Amino acid sequence: MASNMYAVKCLCCGRSAFEDFYYKTDEQYTFCMRCGYYYAKTIKKSTMDTIEYKEEKIGGHGIFILENKDGSREKVSLNRSLTNEQLKELKNALRGENVNGEKSYLVTYENGIFTILFGTRLKISICRLKNIVKRCLRSMGLSDYDFMIPIEE
């Protein structure tokens, strides 16, 4: 089966999502590792004259990545707002003997806002953040001294 794989703008959060498009069959899979948005268009039934497709969509309300010490990972897309019961289940999953807690994380996406509930993979160090801000300001012809915003370490 022939396909094109590329990055596209996520229809939910606007960030970069992964798309796998099978151009011979017009099937498509889209997944956002940031908000958990998932879309699949697959062949349900086909005849010589027609093709009937099935579409599945999971709105991006967040994503849980559980990475194991052997490098394998489990991805859970949240298709609705996270409940307290679900949060407890996901936290318990982190306690597994084979789990790499350093690379596992839970991020919710509600009302256009990403919230890191646990995990270190998505955290950016203050030092790295300062350098990113400085580069952005320089690209606009400004100095970080033009904005005396203290960033505590």
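What comes next is a walk through the structure. (Residues numbered from 1 in each chain as written. Predicted model: local features only at pLDDT ≥ 70, side-chain atom pairs only at ≥ 80, totals over all residues. Heavy atoms only, no water.)

**Quick look at the sheet that holds strand 9 (residues 113-119)**
For the record, the criterion: Here, a strand pair is defined by DSSP locating no fewer than two bridges between the strands. For the purposes of this entry, the term helix denotes a DSSP run of H or I that reaches at least four residues, the term strand denotes a run of E that reaches at least two, and both are numbered from the N terminus. Note on geometry: axes are C-alpha line fits, over the in-contact stretch for helices, and angles between N-to-C directions span 0 to 180 degrees.
The 4 strands are arranged 7-6-8-9 in an open sheet whose pairing can be described as antiparallel. On the outer flanks of this sheet lie strand 7 (73-77) and strand 9, each paired with one strand and no other. Taken over all neighbouring pairs, the strand axes of this sheet differ in orientation by 15° on average, direction set aside. Direction of pairing for strand 8 (residues 105-110) relative to strand 9: antiparallel, over a ladder of 6 bridges. For valine 107, the partnering residue across the bridge sits in strand 9 and is isoleucine 116.

**Considering the sheet that holds strand 4 (residues 38-46)**
Spatially, 5 strands are ordered 1-2-3-4-5 in an open sheet, and the strand pairing comes out antiparallel. This sheet does not close on itself; its edge strands, each paired only once, are strand 1 (4-9) and strand 5 (51-58). If you compare each strand with its neighbour and ignore which way they point, the axes differ by 25° on average. Where strand 1 meets strand 2 (residues 16-22), 6 bridges bridge the pair, whose relative direction is antiparallel. Bridge pairing in strand 2 places tyrosine 6 opposite glutamate 19.

**Looking at the pairing of strand 6 (residues 62-67)**
Note the threshold: Relative accessibility thresholds used throughout: buried, under 20% of the residue-type maximum; exposed, over 50%; partly exposed, between the two (1.4 Å probe, protein chains only).
The element strand 6 is largely enclosed, with a buried count of 6 among its 6 residues. Across the two faces of strand 6 the burial is the same, with Gly62, Phe64 and Leu66 and Ile63, Ile65 and Glu67 all buried. Bridging between strand 6 and strand 8 involves 4 bridges; their strand directions are antiparallel. Residue pairing for strand 8: glycine 62 is matched across the bridge by threonine 108.

**A look at the packing of aromatic side chains**
As a reminder, the rule being used: Each Phe, Tyr or Trp ring, with Trp reduced to its six-membered ring, pairs with another whose centre is within 6.5 Å; inter-plane angles below 30 degrees give stacked pairs, above 60 give edge-to-face pairs, and intermediate values give tilted ones. Here, a charge over a ring means that NZ of Lys or CZ of Arg falls within 6 Å of the ring centre while also lying within 35 degrees of the ring normal.
Tallied over the entire structure, the rule returns 3 aromatic pairs. A ring pair is formed by tyrosine 22 and tyrosine 29, whose centres lie 6.0 Å apart and whose planes are at 80°; its orientation type is edge-to-face. Residue tyrosine 29 is classed as partly exposed on the basis of its relative accessible area of 29%. Ring geometry for phenylalanine 64 against phenylalanine 118: centres 6.0 Å apart, planes inclined by 75°, an arrangement best described as edge-to-face. Placement of phenylalanine 64 in strand 6 and of phenylalanine 118 in strand 9 is noted, with a sequence separation of 54 residues between them. Accessibility assignment for this pair places phenylalanine 64 and phenylalanine 118 in one class, buried. Its end group placed over the ring of tyrosine 53, lysine 41 keeps NZ or CZ at 4.6 Å from the ring centre.

**Notes on the pattern of salt bridges**
Heads up, the rule is: Salt bridge, as used here, is a side-chain nitrogen of Lys or Arg placed within 4 Å of a carboxyl oxygen of Asp or Glu.
Under the defined criterion, the tally for this structure stands at 3 salt bridges. For the salt bridge of glutamate 52 with lysine 44, the shortest nitrogen-to-oxygen distance reads 3.8 Å. Residue glutamate 52 is classed as partly exposed on the basis of its relative accessible area, which comes to 35%. The exposure class of lysine 44 is exposed, given its relative accessible area of 57%.

**Focus: the side chain of glutamine 28**
For clarity, the threshold we go by: A 3.5 Å cut-off defines polar contacts: any pair of N or O atoms within that distance qualifies, except that in protein one atom must be a possible hydrogen donor and the other a possible acceptor, and neighbouring residues in sequence count only when both atoms are side-chain atoms. Note on definitions: a residue-residue contact is assigned when non-hydrogen atoms from the two residues lie within 4.5 Å.
Mapped onto the elements of the fold, glutamine 28 is located in strand 3 (residues 27-31). Separated by 3.3 Å, the side chains of glutamine 28 and threonine 30 make a polar contact. Contact partners of glutamine 28, with chain neighbours within four places excluded, come to Glu19, Asp20, Phe21, Tyr39, Ala40 and Lys41.

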